[in-house]
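Notes for the structure review
The chain contents come next:
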Amino acid sequence: MQFLSPLQYHKQLRLVGVREKMLVEGVDATRAAFEVGYESTSQFTREYKRLFGQPPMRDVKLQRLASS
């Protein structure tokens, strides 16, 4: 089991929230990132890829294909 620092946990929650906004609400990656507090799209993309293994739009596309 991996333990997260409070900062890592908060970052993970924001990224999961962004992913949900993109998948459920159809919000584009840039808008979703800004809505949850990211000021830099490059930082957001880097952190998203680190957590989910794919850049945001590719991940969302794959998730949608997997659920259909």
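Everything below is about the structure shown above.
Quick summary incoming for the structure in this document. If you're wondering where the values come from, they're calculated on a predicted model, not measured in any experiment. (Residues numbered from 1 in each chain as written. Predicted model: local features only at pLDDT ≥ 70, side-chain atom pairs only at ≥ 80, totals over all residues. Heavy atoms only, no water.)

So, the packing of aromatic side chains
Scanning the entire structure with this criterion turns up three aromatic pairs. On the basis of an interplanar angle of 50 degrees and a centroid distance of 4.6 Å, the ring pair of Y48 and F52 is categorised as tilted. Pair noted here: Y48 and F52 are both in helix 3 (residues 41-52), with a separation of four residues, about one helical turn. Three or more aromatic residues link up through ring pairs in this structure, and these residues are Y38, F44, Y48 and F52. Lying across the ring of Y38, R14 places its NZ or CZ 4.0 Å from the centre. (Phe/Tyr/Trp six-rings, centres within 6.5 Å; stacked < 30°, edge-to-face > 60°. Helix = DSSP H or I, 4+ residues; strand = E, 2+ residues; numbered from the N terminus. Lys NZ or Arg CZ within 6 Å of the ring centre and 35° of its normal.)

Describing the pattern of salt bridges
Applying the stated criterion across every chain yields a total of five salt bridges. One salt bridge connects D59 with R19, and the closest N-O pair in it is separated by 2.8 Å. With a gap of 40 residues between them, D59 in helix 4 (residues 56-67) and R19 in helix 1 (residues 6-25) connect regions that are remote in the sequence. Note on accessibility: D59 and R19 belong to one class, buried. Between E25 and K21 there is a salt bridge, with its nearest N and O atoms 3.8 Å apart. Residue E25 and its partner K21 are both found in helix 1; the two are separated by four residues, about one turn of the helix. Bridged by salt links that share partners, the residues K21, E25, R31 and E35 form one connected network. (Salt bridge = Lys/Arg side-chain N within 4 Å of Asp/Glu carboxyl O. Buried < 20%, exposed > 50% of the residue type's maximum accessible area, 1.4 Å probe, protein only.)

These results come straight from atomic positions and should not be treated as a statement about function.
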